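Chains, contacts and geometry: an overview
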Amino acid sequence: MKLYTNPVSTACRPVMQFCLEANIDCEFIPVDLMKGEQRQAAYSSMNPNCLVPTLDDDGFILTESSAILKYLAEKSNHPAYPKDLKQRARINELMDWFNTGFYRDYGYNLVYPQLFPHHKRRSDEAHAGALDWGKSKSAGALALLDAHYFPGPGLFLAGFDEPTIADYFGAAIVTLGECIGVGLGEYPNITRWIEAMRARPSWDETYAIFENFKASLAGQPFETLGAVAS
Ligand SMILES: N[C@@H](CCC(=O)N[C@@H](CS)C(=O)NCC(=O)O)C(=O)O
């Protein structure tokens, strides 16, 4: 199998981390987003969205990180995507919550408009409005995540003892906020969870390039939220 990917990408890191931890035989093929390789015909013929990641499983092409994680976990019969109907439904619920709810407000209204010129809104007023929306909705969602989605006894989402694919997926989105200095100190359950995810054997390898990217942003005056963990 081949995964067309870029480790700076929030959508790619969960898939890469899961492949490494599940020992999935998958070659990572880098796609240079800065050079626009995602828009060149060789890539867009596989993924007409011109976005990473894309999986090629012996000619079966699959896009969308959430769908790729589910496919890989199912194909490898991995417990990170349990067979039990209700457990699986809970994991799907969490992945949808992150992907269609939290990420929209946090990524596309708070983090990305401050990092990438093509995400900046067209007027100062519209830009400030987006950031206000992003801050208020994201703060509400983080509080909800902290209060409701770690019922225990396990450290991971939905109370699992070991990470599921929802954890790989959600942790990449939550830690994206570190680029703009988001502090999670007021959310004890999220803080413990992110610490547990950072302690995973493949975290450092998966997140090394992202850490470099974060370091390159240090000292910039971002609009952010939250208290730094003490
Ligand atoms: N819903 C897609 C989102 C993929 C996505 O937005 N990828 C970004 C990187 S995080 C990308 O390829 N950006 C390149 C561009 O915008 O040209 C997924 O989960 O796979």
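Below is a summary of the structure that appears in this document. Every chain begins its residue count from 1, and numbering advances along the sequence as written. Since the coordinates come from a predicted model, pLDDT governs what is reported: local features require at least 70, and pairs of side-chain atoms require 80 or more to be given and counted, while whole-chain, interface and lining totals use all residues.

A closer look at the packing of helix 1 (residues 13–21) against helix 8 (residues 203–216)
- In this analysis an axis means a line fitted to C-alpha atoms, helices contributing only their contacting stretch, and an angle means the value between N-to-C directions, from 0 to 180 degrees. Under the scheme used here, helices are H or I runs from DSSP no shorter than 4 residues and strands are E runs no shorter than 2 residues, and both carry numbers assigned from the N terminus. Where helix 1 meets helix 8, the axes come as close as 9 Å, and the angle between the chain directions of the two elements is 155°. By the criterion of interaxial angle, the relationship of helix 1 to helix 8 is roughly antiparallel. Viewed along their axes, helix 1 and helix 8 form a crossing whose handedness is right-handed. Counting all contacts with helix 1, which are made through Arg13, Met16, Gln17 and Leu20, the residues of helix 8 involved are Trp203, Glu205, Thr206, Tyr207 and Phe210.
- Among the residues forming the contact of helix 1 with helix 8, the class breakdown is 5 nonpolar, 2 polar and 2 charged. Under this scheme an angle from 65 to 115 degrees is roughly perpendicular, one under 35 degrees roughly parallel, and one over 145 degrees roughly antiparallel; angles in between are oblique. By convention, the crossing between two helices is left-handed when the near helix turns anticlockwise from the far helix through less than a right angle, and right-handed when the turn is clockwise. Contacts here follow a simple rule: the backbone-placed C-beta atoms of the two residues must lie within 7 Å. Classification used: nonpolar for Ala, Val, Leu, Ile, Met, Phe, Trp, Tyr, Cys and Pro, charged for Asp, Glu, Lys and Arg, polar for all others including Gly.

Examining the sheet that holds strand 2 (residues 27–30)
- One open sheet holds the 4 strands; their spatial order is 2-1-3-4, and the pairing between them is mixed. Two strands close off the open sheet at either side, each with one partner strand: strand 2 and strand 4 (60–63). Strand-to-strand twist of the sheet, defined as the mean angle between neighbouring strand axes without regard to direction, takes the value 20°.
- By this definition, two strands are paired if DSSP reports at least two bridges between them. Bridging between strand 1 (residues 2–5) and strand 2 involves 4 bridges; their strand directions are parallel. Bridge assignment links tyrosine 4 to a residue of strand 2, and that residue is isoleucine 29.

Quick word on the site of the ligand
- Neighbouring the ligand are the residues Ser9, Thr10, Ala11, Leu33, Gln38, Cys50, Leu51, Val52, Pro53, Glu64, Ser65 and Ser66.
- In the shell around the ligand, the residues fall into 6 nonpolar, 5 polar and 1 charged. As a rule, any residue with its backbone-derived C-beta atom within 6 Å of a molecule or strand is reported as near that molecule or strand.

Geometric values such as these leave the question of function open.
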